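Listed below, chain by chain, are the residues.
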Amino acid sequence: VLTLYFLNYLHWNENLSTTVYHAFSGLCYFTPLIGAPIADAWLGKFNTIFYLSILYVIGHVIKSVGAIPTMGSVEVHVALSMIGLVCIAFGTGGIKPCVAAFGGDQFAEEHAKERSKFFSIFYLSINAGSLISTFVTPVLRGDVQCFGGDCFALAFGVPAALMFVALIIFLAGSGMYRKYPPQGNILSSVFKCLGFAVSNRWRHRSKQYPKRNHWLDWAEEKYSKAHHEVKMVTKVLFLYIPLPMFWALFDQQGSRWTLQATRMYSDFGGFVLQPDQVQILNPLFILILIPVFDLGIYPLIGLCKINFKPIRKMAIGMVLAALAFAVATVVELKIQETLPPVPQVNESYLQVLNLAN
C-alpha cells in the first residue's frame, strides 16, 4: 500500500517512491540494533516492547491523519507521512528484537517441548496475520472510496486501531509474564570479546608463543565462557554473506514488483487482484508449504536415506529464489517492450487509437 500511496496520493514518481519505501524499510531493520541494547541494558524486554509499541501506535495515527486530503496542503501530508513513518520505524525497533525473545523467556529449560510449540504457533500467527493484512488492506484502499478516491486513510487507520488493541491485550497479561531484569548489553560484550581477541593476538604475534586452534581462542584469558558462544556466532555469520543481496531483491515485493503489477492484467475470472495484494502469495505459500514439507516431503527424503541437512535445504531454497528473481526480471523486460517511448527534450509523443472496424 505504501508505494502506491507515494505514487497516487503524494504524486511522487516511481523512483522517488521506491527510494523512500526502501529507506523506511531499511530504517525498520536498523532500529532493532538500538532497541535490543535498550532492552538488554536498561528497560528490559517487557518495558521496551510496551513503550515503543506506544510510539508505534502514535506513528500509525499520524500516518493515517496525513492520508486525509482535507488536512492541509501537500507539504503537510508529506511532513505527517514522514513523521509517522519514522515513529513506526523506531517503534518496530523495540518490537522486532524483543517479542520472540520475551516469549522464549516464559519457558524454563525443562519446558523445551512447550517452547518449541510456542515458536511454531508464534510463526504461524505472524504469517496468518500477514496473509490477512496483505489481502484486506488493499481492499480497504481500493474497494472503499473516500474523499473522492482510494481510501488510504482507512488502509492506514485500521492497522493503527488493531495495533492499539494488540497493545491493550499485551498489557493485560502483564501480571502473568515472567520478566527478567536487564543483564547488560550483549552486543557490546560480543564486540569487546572480538576486540580483545584481536589485540591479544597482536601482542603475542612473535613465534615464541604457540598457535591456537582458532583466533578467538586468544580471548580465552579474559572471556573464558563467552568466547565459545562468540565462536559459534562467527560460524553462523558465514551463512549470512549472501543474505543482504537476497533481501535487497526480496523486498522489491513492496516497491518495484508492486509497480510491475500495476502494469499487468489482474482479472482472474472475475476476481481482480490488486497490485498491492501480490505479496499475499508469500505468507500463503508459507502456511501451505511448511506442513507439506514437514509432514510429507522431508519424511519421504529421510526414507530414501538422503542426508538433507538444514544447510542443504537453505542452499536449494536460495537457488530457487534466484531463479524466481530471474523470472521477475524477464517479465519486467517484456513489460518494458510494450510501454510507449518516453519523449526526449523537444519531442512529443502522439498515440492514435483507431476503434473503427
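Small disclaimer: the values here were computed from a predicted structure and weren't measured.

Draft legend 1. Quick peek at the packing of aromatic side chains. In total, this model carries 25 aromatic pairs according to the counting rule given. Note on Tyr5 and Phe6: the rings are 6.0 Å apart at their centroids and 55° apart in plane angle, and the pair reads as tilted. Taking the relative accessible area as the measure of exposure, Phe6 reaches 0% and is therefore buried. Ring centres of Tyr5 and Phe152 lie 5.4 Å apart, and the angle between their planes is 70°; on these two criteria the pair is classed as edge-to-face. Of this pair, Tyr5 sits in helix α1 (residues 2-9) while Phe152 sits in helix α8 (residues 152-172), and the two are 147 residues apart along the sequence. Take Tyr5: its relative accessible area is 0%, and that puts it in the buried class. Phe152 sits in the buried class, given a relative accessible area of 2%. Its end group placed over the ring of Trp202, Arg205 keeps NZ or CZ at 4.0 Å from the ring centre. Against the face of Tyr298 rests Lys313, its NZ or CZ located 3.9 Å from the ring centre.

Draft legend 2. Representation of the packing of helix α7 (residues 112-142) against helix α13 (residues 281-303). The geometry of α7 relative to α13 is characterised by a closest axis approach of 8 Å and an angle of 140° between their N-to-C directions. Compared by their axis directions, α7 and α13 come out oblique. The crossing of α7 and α13 is left-handed. On the side of α7, the interface is formed by Tyr123, Leu124, Asn127, Ala128, Ser130, Leu131 and Thr134, while α13 contributes Pro283, Leu284, Ile286, Leu287 and Ile290. Considering only residue class, the contact of α7 with α13 consists of nine nonpolar, three polar and no charged.

Draft legend 3. Main features of the state of the cysteines. Applying the stated rule across the entire model yields one disulfide. The disulfide partner of Cys146 is Cys151, and the gap between their sulfur atoms is 2.1 Å. Taking the torsion about the sulfur-sulfur bond, which here is approximately 110°, the covalent link between Cys146 and Cys151 counts as right-handed. Take Cys146 and Cys151: they sit in the same class, and that class is buried.

Draft legend 4. Geometry of the side chain of Gln253. Mapped onto the fold, Gln253 is located in the loop between α11 (243-250) and α12 (256-262). The exposure class of Gln253 is buried, given its relative accessible area of 14%. Among residues more than four places away in sequence, those in contact with Gln253 are Thr258, Gln279 and Asn282.

Draft legend 5. Highlighting the nonpolar core. Counting 26 residues, the largest nonpolar core has Leu2, Tyr5, Phe6, Phe24, Phe152 and Phe156 as its most contacted members. Among the secondary structure elements, those contributing two or more residues to this core are α1, α2 (14-30), α4 (45-66), α5 (74-95) and α8. Residue contributions to this core peak at six residues, all from α8. In this structure Leu2 touches Tyr21, Phe24, Lys63, Leu85 and Phe156, once residues within four positions along its chain are discounted. Counting seven residues, the second-largest nonpolar core is a separate cluster that includes Cys193, Phe196, Leu216 and Tyr223.

Draft legend 6. Geometry of the pattern of salt bridges. Applying the stated criterion across every chain yields a total of six salt bridges. The residue Arg263 makes a salt bridge to Glu14 at a minimum N-O spacing of 3.1 Å. A residue pair is termed long-range when its members are at least 10 positions apart, and Arg263 in the loop between α12 and β3 (267-268) and Glu14 in helix α2 qualify at 249 residues. Exposure remark for Arg263: the relative accessible area of 28% places this residue in the partly exposed category. The partly exposed category is assigned to Glu14, whose relative accessible area is 29%. Across the pair Lys45 and Asp105 runs a salt bridge whose closest N-O atoms are separated by 3.1 Å. Placement of Lys45 in helix α4 and of Asp105 in helix α6 (residues 99-105) is noted, with a sequence separation of 60 residues between them. In this structure Lys45 comes out as partly exposed when scored by relative accessible area, which is 22%. Classification of Asp105 as buried rests on a relative accessible area of 18%.

What counts as what
- Residues numbered from 1 in each chain as written.
- Predicted model: local features only at pLDDT ≥ 70, side-chain atom pairs only at ≥ 80, totals over all residues.
- Heavy atoms only, no water.
- Phe/Tyr/Trp six-rings, centres within 6.5 Å; stacked < 30°, edge-to-face > 60°.
- Buried < 20%, exposed > 50% of the residue type's maximum accessible area, 1.4 Å probe, protein only.
- Helix = DSSP H or I, 4+ residues; strand = E, 2+ residues; numbered from the N terminus.
- Lys NZ or Arg CZ within 6 Å of the ring centre and 35° of its normal.
- Axes fitted to C-alpha atoms, helices over the stretch in contact; angles between N-to-C directions.
- Parallel < 35°, antiparallel > 145°, perpendicular 65-115°, else oblique.
- Left-handed = near helix turned anticlockwise from the far one by under 90°.
- Contact = heavy atoms within 4.5 Å.
- Nonpolar A, V, L, I, M, F, W, Y, C, P; charged D, E, K, R; others polar.
- Disulfide = S-S within 2.5 Å.
- Core = buried A, V, L, I, M, F, W, Y, C linked by side-chain atoms within 4.5 Å.
- Salt bridge = Lys/Arg side-chain N within 4 Å of Asp/Glu carboxyl O.

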